[in-house]
Structures are given as C-alpha cells and as structure tokens.
Amino acid sequence: MGATDTVRLTTSQALVRFLAAQYSERDGERQRLIPGVWGIFGHGNVAGLGQALLQAATTGEADLPYYPARNEQAMVHASAAFAKMRDRLQTFACTASTGPGSTNMVTGAALATTNRLPVLLLPSDMFATRGPDPVLQQLEDTRGGDVTVNDALRPVSKYWDRVARPEQLVPAALAALRVLTDPAETGAVTLCLPQDVQAEAYDWPVDLFRERTWHIDRPQPDPASVRRAAEAIRDARRPLIVAGGGAVYSRATGELRAFAEETGIPVADTHAGKGAVPWDHPCAVGGVGSTGTSAANALAREADVVIGIGTRYSDFTTASHTVFADPDVEFVNLNVARLDAAKHSAHQIVADARSGLQALRRELSGWRVEDDYRERARALAGEWARTTDACYAADDGALPAQTAVLGVLNDVLDDTDVIINAAGSLPGDMQMLWRARDPKSYNVEYAYSCMGYEVAAGLGTKMAAPEREVVVLVGDGSYLMLSQEITTMVAEGVKVVIVVLQNHGFASIGALSEDLGSQRFGTRYRYRDPATGLLDGAVLPVDLAANAASLGAEAIRADGLKELREAVEAAKAADTVTVVHIETDPTGPNPPSSGWWDVPVSEVSELDSTRRAYRTYAEHKRDQRHYL
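The structure displayed is predicted, hence computed values, not measured ones. Along each chain, numbering runs from 1 in the same order as the chain's sequence is written. Where totals are concerned, whole chains, interfaces and linings use all residues; where local detail is concerned, this predicted model gives features only for residues with pLDDT of at least 70, and gives and counts side-chain atom pairs only at 80 or more. For side-chain calculations, the full set of non-hydrogen atoms in the structure is used, while hydrogens and water are omitted.

> Help me understand the overall build of the protein, please; the structure alone is not making it clear to me.
The number of helices and strands found in the protein is 23 helices and 23 strands. Radius of gyration: C-alpha atoms only; globule rule: 2.2 Å multiplied by the number of residues to the exponent 0.38. Whereas a compact globule of 628 residues would reach a radius of gyration of roughly 25 Å, the protein reaches 25 Å, a difference of no more than 12%. Referenced to the eigenvectors of the C-alpha coordinate spread, the extents of the protein come out at roughly 70 × 70 × 55 Å. Burial classification: accessible surface area is computed with a 1.4 Å probe over protein chains only, and a residue below 20% of its type maximum counts as buried, one above 50% as exposed, and the rest as partly exposed. Within the protein, buried positions represent 59% of all 628 residues. A sequence separation of at least 24 residues applies to 76% of the contacts in the protein between residues at least 6 apart. A total of about 24600 Å² of accessible surface is found on the protein, and carbon and sulfur atoms cover 50% of it. For the purpose of charge, His is not counted, nor are the chain termini; Lys and Arg are scored as positive and Asp and Glu as negative. Positions of charges follow a simple convention, taking NZ of Lys, CZ of Arg, CG of Asp or CD of Glu. Charge centroids of the protein, computed over 60 positive and 81 negative side chains, lie 3 Å from each other. Strands are runs of DSSP state E lasting at least two residues, helices are runs of H or I lasting at least four, and both sets are numbered from the N terminus onward. Contacts: residue pairs with any heavy atoms within 4.5 Å of one another. Areas reported as accessible are Shrake-Rupley estimates using a 1.4 Å probe. Residue values count occlusion only from the protein chains shown.

Put into structure tokens, the structure is as follows:
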C-alpha cells in the first residue's frame, strides 16, 4: 500500500489496531508493549471499544485480548503490578465506562504515577457533540462546558488528552506511547474517549497500523558528572548506598553487586529496591529509614556520602529527613529522572542505573573503603540478623505474632517466589525482616501504599510471571477494601496464593494512633457500644475465609503457626486460587524501631496521652533538616 492509502474504521477500531501493533525493545529484547486490555463495560464504552475488541477477537484483524475485571481501580493495580514485574517494558490498557467507572481509576492512576509505572487508561467521556446534554452520569460544571469528571485524572497522569475528533487520535496515541516508554517520565497515561467519538468512522492512514517498535535506550552519564560524583565518593570515609526500584527496573542488580564488592560500600535498600542485593550478601545491611533495620540506620546516621541508585527518597527512606544525620552529609544520586537525581542538593548523574554504575566502577577502579568500616557494617548486619531470628521465633501469645507469620512464610517460600503487600503494619515489618535474595521476589508497594492493591497486584504479577509462585499477604482491612479480583483469578485460571491475616481492625494505624496519643480510636472492627457510643463493643462476626470461598477460591483456615506452614505448603501445591486464613495478634510484638516518621501530633489537648505524645514528637522534630 502507498503512503496515502486509508482504511475506514471507527475511532475505537483504529485504537485497537494501533495498540496491537506496538512493541518495546531494550538490549535486543523485543516484546508486545500492550499485550491486552482490562475493562468493565457500560454505556460509555460498550458500543465503542467493546465493539472494537469483539470485532478484533472474532475476525482476527488485531491481536488484543480483553480481560473483564470486577473493579476499575483493581484493574489499574493489576496493570501496574504487571508492568513492575516486566521492568516497565510492558503494560496493559484499561477501559472504563463514563462517570463512576472512569473516576474509579483515579486511585490506581495515582499509584502508577507515584511508583513510576506505565499504565494506559482509556476512560469514556461525555458526548463531544453535546447532543444529549446532560447525558447520564454527566457532571454539569458551571465553570465551563468542556469540564468532565475525567479531568480528575489530569493531576495523577503523566500525559492526559481528550480525543474530541477522530483525527486527534493520531497525535494523541503517539504521544501516549512516547510517555509510556520513557523511563524518566512514565506513569499513568490517560486518553479520554467521548462515547460518540469512539463509534465515529474516519478514513485512517494505513501506515498508522504498521508494527512500531519503541526503543527504550539506556541514557549514558555525562563524564563530568561521573567524575564529580567519584571525587565525592573518594573523599568519603563512611559512604552508604541506598538501592531503589530504578536499580531493579534497569536490570542493574549485577552491576550494583559488583560495584559494592569492589568498593566495599554497604548497601541499604528501599521497598522497591529490596532484593537488588541479596539479604545475606556481604555488603547488604537491609532496609533504611522509618522502618529500617538498626544496621542500615546506624550506618545512615554516620554516613558522610549517601549514594542513591534509582531511589526517589520518600519520607520513609529518609525517616522524614532525620536518618542521614551527619551535618556535612553529601548525596550522590544516580537516576534516569532528573527530578530524583537532583534531590537533597546531590551530585547528579542523570543516566540509566546500569550505565551509570558501569561508569562509576571505571572511575573508581582500585578505590575501596577502609577495612574497619567494612567490618563494622558486617557486624551491624549480623546483629540485625540475630534480631530477625528472634522476631521470627516470637510465639508467646495466645495468637501468633505477625513477625512469626513472616518467619514461617520466609521459610516456606522459595527464593524466586513473589511476596506481595502494600499497606498496614506489614510493610514496616517486612522492610525490616523480609529476607529477599531475588530482585523480583519482593513486591511491596510503598510509594502510594494503597490499601486494596494486594489482591489485584497478585493477579497482574502472576500474569506477568506465570512460572513463579505468587503469594499475596494481606490484612483484613485491605482485604475488605478490594478483594473481588479473586473471582477474576478463578475465571482466568490464574493461580495465586493469598494469605489473609485477620486481626479485626487496622493494626498499623491502631499502633500509630496509640503512639500519637489517640488511643487506637476508630481502628478496631467492633460493634458500637450503646452505653459509651464508641466502637468498642464485641468483635464483628466477619468471616473472610467464607467470603473468599464465596468468590470461588479454595479456603484453608490455619489455627496457629504449625497449621499455617502446612496450609501454605498445600496452597503452593494446589492448582487453583487458594486463600489461607489465620488470626494474628494486633498488638505485636513488633520489631525494634530505629527510625522516625513525621506525623504531626495535636499541639494542645485535654488528653494526657496526647500531651505526652506531643512532647515526644517535639523532641524528634528538632532532628529534622533540609539537606542543603
């Protein structure tokens, strides 16, 4: 066909053909960029994208499988987890109907963008012609007729556009794919599709539907930047590496380990970077920050140079700007995104993590930290390993401690099995205690820390890595928020193990509330006591195992740690979705804390508990600083 040849299709049919022909490539590895579409149909998309996906499936004109979800937020979480497992080289598109179906995706979009994970959102929009005005579920905004609820997706998207005419799809789709495949800019990408435009026909250039490969390069560091960074490191006596998700997504873990071994610099990690260096590697010292290990935090407080590799420096990583305590501390940040490389007035290396580490290794060839510092790091790591052993062995209460549950799981799971979590008290315990050897075995979403991510992420992760065992670890609070994708797993034949910890409330916020003087108010799942008017009556009769079984999963009730071990082993051996339910102690014991998190306490109060908490808060606040 010639360059001017056209084919008449609806906007939706054109978009389906276009997405089916997109590929990504890095280091010679080429794969489909958008291998499928998640969706829930309604009047906004059933006759547009729904018809186009049906036509593609029945005629074979485009290979773009459709997967029905049960919740719009969940399908975005599943797509983000899929992209994370595939190192951001692949992701899904998500279509939702007009109005609430589309706004349900806002939280998922925020999670994807905060975590720097690509997801393509295709929310349906109001009529571009404004013929039936107002249409069902339309927001009538007195500020302007072009405002719709989909504008809520603007601040949580890295790219946002509304396709108000069919021909606008060409530049919009190309711009969307550019952002999805840019490791420095990626996140949620939104193309709003008015429902009438979805069904409108247009003569499209055939060349739009040719196979197109988006080459994801490895930006090379500026040599002068590398020299400046290396000079700062050479002058350091107590340097510390902080490994973040960028080290994993760029597949720089081998280079990171080699760099640490050659220089002797200890390696701490964030949630996204855990496993980049195995927990028992001679240079590994564990998680750093608010929920960091005593080893990593002791070294962080003494560090004169902090080397951030692919980290965004969340407040948990810096312990709200308190853990890096040396008054003259300097930062060397290697990151593909300048936003993150520039943080804390750092010496910036704006580059791919693997390329940047290779350059640093060459520049620092022959340089090494002093033996006594290296030995101190090893001694601190060994001391924490003994603390972890004790936490894993905790078994004194009537109900199992959460730390002991982690000990059983860490023992039962293989090195390549994937553990998933996102919110509650589990991320804190896991950053301190989980022993990861594989960079893909630990998926704790702690950039947005979204309750409800866990089950949906298990679905997306297993679809991305069917050869791995995927274990979702979720508390009762998160389970009750968003667990219905269990039914999707059953329908699609996606086998995931889900371990539900039932402690009848919000254990994490309960403990935080107690620390802040708020006495665990509103954090327990209880009947309201008519005498006090408070929610401190009997425990609610919630049966999560029965709920999971009603959604189509196999359910196993474990009473104690021995039965938990047997149940998880049985679940791993099963060929269907299996939920393991166990009751745990909501009050701990918890791992010993060595970091702080800035959550403001009421400055004045009639409650003694709050006044005491404020005094403690004020003491910690004095240690907070900007890194200038």
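> Even after reading the chapter, I still don't get a negative patch on the surface, so can you show me in this structure?
A surface patch of negative charge is lined by Glu-231, Asp-235, Asp-328 and Glu-330. Among the residues examined, Glu-330 registers a relative accessible area of 34% and is labelled partly exposed. The patch calculation keeps residues exceeding 30% relative accessible area without a salt bridge and links them within 9 Å when they carry like charges or within 5 Å when they are nonpolar (Val, Leu, Ile, Met, Phe, Trp, Tyr). Any Lys or Arg side-chain nitrogen located within 4 Å of an Asp or Glu carboxyl oxygen qualifies as a salt bridge.

> What am I meant to see in the packing of helix H3 (residues 72-85) against helix H17 (residues 453-464) here?
Each pair of packed helices can be described by the angle between their axes along with the distance between the axes. Only the stretch in contact is used when fitting a helix axis, every axis being a line fitted to C-alpha atoms; angles between N-to-C directions are given from 0 to 180 degrees. Where H3 meets H17, the axes come as close as 7 Å, and the angle between the chain directions of the two elements is 45 degrees. Relative to H17, H3 is oriented oblique. The handedness of the crossing between H3 and H17 comes out as right-handed. When H3 is examined against H17, the residues Ala-74, His-77, Ala-78, Ala-81, Phe-82 and Met-85 are found in contact with a partner set consisting of Tyr-453, Ala-456, Ala-457, Gly-460, Thr-461, Met-463 and Ala-464. Relative orientations are named as follows: roughly parallel for angles under 35 degrees, roughly antiparallel for angles over 145 degrees, roughly perpendicular for angles from 65 to 115 degrees, and oblique for any other angle. Crossings are classed by handedness, with left-handed meaning an anticlockwise turn of the near helix from the far one by less than a right angle and right-handed meaning a clockwise turn.

> Sorry if this is basic, but what is going on with the environment of Gly-244 here?
Structurally, the position occupied by Gly-244 is in the loop between strand E12 (239-243) and helix H9 (245-249). With a relative accessible area of 0%, Gly-244 lands in the buried category. Spatially, the C-alpha atoms of Gly-244 and Lys-572 are 29 Å apart, while their sequence positions differ by 328 residues. If we ignore the near neighbours within four places in the chain, the residues touching Gly-244 are Thr-270, Ala-272, Gly-273, Ile-309, Gly-310 and Thr-311.

> Is there a simple way to explain the sheet that holds strand E5 (residues 66-68) in this structure?
Strand order in the open sheet formed by 6 strands is E5-E4-E6-E7-E9-E8, with parallel pairing between adjacent strands. Only two strands of the sheet have a single partner each, and these edge strands are E5 and strand E8 (159-162). Adjacent strand axes in the sheet meet at a mean angle of 20 degrees, parallel and antiparallel pairs treated alike. Pairing analysis gives 3 bridges linking strand E4 (residues 37-39) to strand E6 (residues 93-96), with the strands arranged parallel. Each residue of the ladder has a partner; that of Gly-39, found in E6, is Thr-95. Being paired, for any two strands, means DSSP has found at least two bridges between them.

> What should I look at first to understand the pairing of E6 in this one?
As a general feature of sheets, a regular strand has side chains that alternate between the two faces. The alternating pattern of E6 places Ala-93 and Thr-95 and Cys-94 and Ala-96 on opposite faces, both of which are buried. Alignment of E6 against strand E7 (residues 119-125), held across 4 bridges, turns out to be parallel. Across the sheet, residue Ala-93 finds its bridge partner in E7, namely Leu-120.

> How do you make sense of the nonpolar core when you look at a structure like this?
In globular proteins that are soluble, nonpolar side chains generally tend to be buried together. Grouped together as the largest cluster of nonpolar side chains are 92 residues, with contacts concentrated most on Val-499 and Leu-564. With 7 residues, the single largest contributor to this core is helix H14 (residues 371-392). Excluding anything up to four places from it in sequence, Val-499 contacts Leu-409, Val-471, Val-472, Leu-473, Val-474, Leu-564, Val-568 and Val-580. Grouped together as the second largest cluster of nonpolar side chains are 55 residues, Val-106, Ala-188, Tyr-453 and Ile-498 included. Residues enter a nonpolar core if they are buried and are Ala, Val, Leu, Ile, Met, Phe, Trp, Tyr or Cys, with the set joined through side-chain atoms within 4.5 Å.

> Sorry, what's going on with the packing of H17 against helix H19 (residues 485-492) here?
The contact between H17 and H19 brings their axes to 9 Å, and the two run at 20 degrees. Classified by the interaxial angle, the pair formed by H17 and H19 is roughly parallel. Two packed elements cross with a definite hand, and for H17 against H19 that hand is left-handed. Touching Val-455, Ala-456, Gly-458 and Leu-459 of H17 are Glu-485, Ile-486, Thr-488 and Met-489, all from H19. Each residue belonging to the contact of H17 with H19 can be placed in one class, and the counts come to 5 nonpolar, 2 polar and 1 charged. Asp, Glu, Lys and Arg are counted as charged, while Ala, Val, Leu, Ile, Met, Phe, Trp, Tyr, Cys and Pro are counted as nonpolar; the rest, among them Gly, fall into the polar class.

> Whenever I open this one, the environment of Ile-233 confuses me. Can you help?
Positionally, Ile-233 belongs in helix H8 (residues 223-234). Residues Ile-233 and Glu-569, spaced 336 residues apart in sequence, show a C-alpha to C-alpha distance of 46 Å. Discounting residues that sit within four places of it in the chain, Ile-233 has contacts with Ile-265, Val-305, Ile-307, Val-332, Leu-360, Leu-364 and Trp-367.

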